[in-house]
Structure formats: structure tokens, C-alpha cells
Amino acid sequence: MEENNDLERISYTHENWLDGTLPWSMWWFKYGESGVFHEPENVTKIHVLPESEYQKIVDKQEAILADHVSKNLAYYIQRFEERLAAPGEHDKRIEDEIQEIDKILTDKTLTLVPVWYNQGQAYASGVVGMSPSGGQHVSRDFKNEIAYWYNQIIIKADPYQGVPRIFIMPEDDGNYSRYIPQVAVLVFYQYRQYLLNLTGFDIERFTFLDTNPPKGKVHYKLCCVETDKIFEGLRKYKPSREEFFMFKDSFNEHPFADYDRLRKELPKLVDDIFDRAAKLRPDLQAYFLEAMEQDVVDRIKGNSTLINERLNFQKLFKAKMTAMQEAEEKRLAEMEQDENPTESNTGFTTAQSVLAIFYLLKAANFDRGKGSDLLYAQFVQSITGKEPNPKIKNTTILKRWRGVIDERKMLNPDDVEIVKSWFEKMGLDEIAELINKRKRKRKNSKE
């Protein structure tokens, strides 16, 4: 704003915010100068908030937020532990609480959630989009305020849209701030993590496509049949609870097929997908990426206004996938070379050994589900004598095994050719053909 020395200038500090005398208009431009019309005097005055004072507000808000989250989390944990101490089925009570919290966080169709702020006045609105003066939220897509902020903060990782939370004041003392959606999301999310750690998890307890589960099982409701099928495919990977809920957060209601994100921030959306995948073990990572690509394409392919976005999404996704696979292959090759500097001249590399043993087991019709990846990797370690000292979970053998058992993953063509040629020399043509089929499949793949 151009400086006007004829107008009265009123300067503010973060203390004005603390005592509630900072005008609401300061919310919109964060810091700097703004002309404000004063009706009683019928004049315009320049309101000034320096950037340094604004930053003090932001810092104080972060401290207040952390304090409220800590106090409210302790409240929920204490309340649940009191219930947990009562007679009854321990694990079922935990599962029920987890599902209840998960429903609050993610179910868009819940009845309206009250939002308390502005001196504790209560508002209930089916729309989201902050309006500090009116105390209402605006969004056509969400009925559940908590679900909206869960989507913004956790799914989209959009921390409060870059604005300080001026409706959280220190004197709230962690009480009614439980009803502020942004606070509730952070509390519920951490509370859910606390609950997840209380008991074991088995995906076989749930049905997805079957809405009338047999005795002893529970139907886990997801958004659609396509998502049900993704979770049916997840079974064979035996996910942990954290992995299961990461899939739920990523696929239920299709957050990565969001129209606005596809139109406005497609490269960041693809980066977000691969950032999530990077936190998974290799076999589950490959399934996640394959399912995610298909899910996003299926969601948008029928929308004629998103043709360019679909093509660009597939192009970016393929480039990211190729770069990730090449980087991982290079990293593993370097690790193997460091551990066995003369290996290439004396026999199979670790990758080739794992590949050969996998196809020998495959030819013998081994059932992968009867043993863990650690067990099979230990078997390879024992046969080959490679990496004898490190713990098996830290070996390249395990990483190579998980890369080989997932037959969607790309293998080094030189390794495939070398191993195949050995089976051909020994007259084991059926095994050689198994390897050759995988080689052809990768060559003809549209991925």
C-alpha cells in the first residue's frame, strides 16, 4: 500500500492480539499496512502490524497449539484408560474406540460437528472455510468439520492454510479448544496412534466386499467396491495396523483424485504419493503405487475436462517410478560392490543368487504365505554364505528378495539373462521359461 502521511497511523503489537484488541482486519493481510474506515469518526486510518510482531503471534500460536494438543491428548487417554480398567473384553473395547475415532476423522456424512470459538460461542455449520468474524466454515463437499480438517492437515498436509490460529487463546486452558476442528484433528490423530499401539492387528479379522461377514469377523466399510478390491488385494501382504490405516487414508474417498489438486498442483500430488510409498516396505510399496496409479486414472478417466490432467498424471507417475527404481537399483548395486568387491569375477552377485533361488523355489511350487520374507532371506543367506554377519533385516539379500518376489517390479536385465542362461545350460528349460516370461512381461508392460 502506498504510504499516505495525511492519514493517522495506528501501530499494533502481538500484545494487542493477546489482549483481544487486534482488529479482525489484520487477519486477512497477515502483516503490513491496511486502510480501515472508522465509522464514528467518518475517517480512514492506517492500521500497521510489523512483520516482526506478526511472527511473534505465529510463534505464540504454535506454543498455544502444542499446549492444547498435549492437554487434550492427556484428557482422552486418561478417560479411555479409566474405561479400559473396567471389566470386559479388552481388545474389542480398543477396536471399537479406534473405529469410532477413525469414523470421526474421515466420515464426511456424519451429522454436523459443533465448532466452538470466538469467546466460546457455539456454531454448527455444514460448510467449511474460515470466517473469523462470522464464526462459520464454508465448503460444499464436507458435512463433517473434523473430516475436512483431517483432509487438510493430515491428507493434504496443509497446515491451517498458512494462517495463525487466532481463535485459540491461552486462557482456553485446554478445555473448549477440544471443539476447535484443527486442534481436534491433531489430538484425535495422536490419540488413534496411542490406541493402535495397545493391541495387535490382523487384517484377516475384516471383510471388505462381504457385507455379511461370518461369525468372528467384522465388515470394514469403505467408500466403494473398487476400494474394497484394493483392500482385498492388500491381504496377502499382511500389513501392520499402521500400514493398513495408511492405505485407508490414501484410498478411502480417493483423496489423490481430488479435482482441484489435479488441476492446480499435479506435480506436488504425484510427489505426495511417492513420499507415502517411500515409507512402506518394498513389496507393499510396489502394490501401493500400482493400485494408486490405477485408482487415480479410474477416478478421472470419465471426466472430459481432465483429459490433459490424466495424461500428465500418467507421464509424471511413470517418470517418477522409473527414477525411483533406477535409484534403488544403483543403491543396492553399490552396497553389494562395497561388501563383495571381487564378487563379479567369482560367481553370482547377491541379486543373481536371490533370483536363481527364488525361481528354484517357484518351480517347486513353494507357498510364500507359509514363511516370512525374513525366513526366506535367511535361507538364501545360509545357502550362499553372503553377508554372514549382519542381521538379516539389514542385508541386501532381504531387499533383493522383496524385489524379486513382487513380479511387477523391474529387474536388472543382465541379471535375468545370466541366471536364465544357467538354467538353460543345465537343461532346466521350464525354469528358464518362467524367467523369460517375466522378462517379456516387463518388456510389454504399459507401466
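Located above this text is the structure these notes cover.
Treat the numbers as computed from the prediction; the structure is a model and nothing was measured. (Residues numbered from 1 in each chain as written. Predicted model: local features only at pLDDT ≥ 70, side-chain atom pairs only at ≥ 80, totals over all residues. Heavy atoms only, no water.)

Caption draft 1: Inspection of the nonpolar core at higher detail. With 65 residues, the main nonpolar core has Tyr191, Phe231, Phe244, Phe247, Ile273, Phe288 and Phe313 as its most contacted residues. For phenylalanine 288, the contacting residues outside a window of four places in its chain are Met246, Phe247, Ser250, Phe251, Ile273, Arg276, Ala277 and Leu280. Membership of the second largest hydrophobic core comes to 22 residues, among which are Val354, Ile357, Ile397 and Val404. (Core = buried A, V, L, I, M, F, W, Y, C linked by side-chain atoms within 4.5 Å. Buried < 20%, exposed > 50% of the residue type's maximum accessible area, 1.4 Å probe, protein only. Contact = heavy atoms within 4.5 Å.)

Caption draft 2: Layout of helix 10 (residues 266-277). Taking 1.5 Å as the rise per residue, helix 10 with 12 residues should run 16 Å; its terminal C-alpha atoms sit 17 Å apart, in good agreement. Taken as a whole, helix 10 has its buried residues at Leu266, Leu269, Val270, Asp272, Ile273, Phe274, Arg276 and Ala277. (Helix = DSSP H or I, 4+ residues; strand = E, 2+ residues; numbered from the N terminus. Expected span 1.5 Å × (residues − 1).)

Caption draft 3: Seen up close, the sheet that holds strand 1 (residues 9-11). Spatial ordering of the open sheet is given by 1-3-2, a layout of three strands whose pairing is mixed. The open sheet has two edge strands, strand 1 and strand 2 (32-38), and neither has a second partner. The average undirected angle you get between the axes of adjacent strands in this sheet is 30°. Here three bridges tie strand 1 to strand 3 (residues 43-49), and the two strands are oriented parallel to one another. Bridge assignment links isoleucine 10 to a residue of strand 3, and that residue is histidine 47. (Pairing = 2+ DSSP bridges. Axes fitted to C-alpha atoms, helices over the stretch in contact; angles between N-to-C directions.)

Caption draft 4: Looking closely at the packing of helix 6 (residues 181-196) against helix 8 (residues 241-251). Interhelical geometry of helix 6 versus helix 8 gives an angle of 145° and a closest axis separation of 10 Å. Helix 8 is crossed by helix 6, and the crossing has right-handed handedness. Here Arg192, Gln193 and Leu196 of helix 6 lie close against helix 8, whose contacting residues are Arg241, Glu242, Phe245 and Asp249. Its residues assigned to classes, the contact of helix 6 with helix 8 shows two nonpolar, one polar and four charged. (Left-handed = near helix turned anticlockwise from the far one by under 90°. Nonpolar A, V, L, I, M, F, W, Y, C, P; charged D, E, K, R; others polar.)

Caption draft 5: Spotlight on the environment of tyrosine 376. For tyrosine 376, the position within the fold is in helix 15 (residues 373-384). Considering only alpha carbons, one finds tyrosine 376 and valine 354, 22 residues apart in sequence, at a separation of 9.8 Å.

Caption draft 6: Seen up close, unusual backbone geometry. If you check the backbone angles, lysine 238 has positive phi at about 50° while not being a glycine. Here lysine 238 lies in the loop between helix 7 (225-234) and helix 8. For glutamate 253, which is not glycine, the phi dihedral falls at a positive 70°. Mapped onto the secondary structure, glutamate 253 falls in the loop between helix 8 and helix 9 (259-264).

Caption draft 7: Molecular detail of the environment of leucine 280. Looking at where leucine 280 falls in the secondary structure, it is placed in the loop between helix 10 and helix 11 (282-300). Along the primary structure leucine 280 and methionine 246 are separated by 34 residues, whereas in three dimensions their C-alpha atoms are 9.5 Å apart. Setting aside chain neighbours within four positions, we find leucine 280 in contact with Glu243, Met246, Phe247, Gln285 and Phe288.

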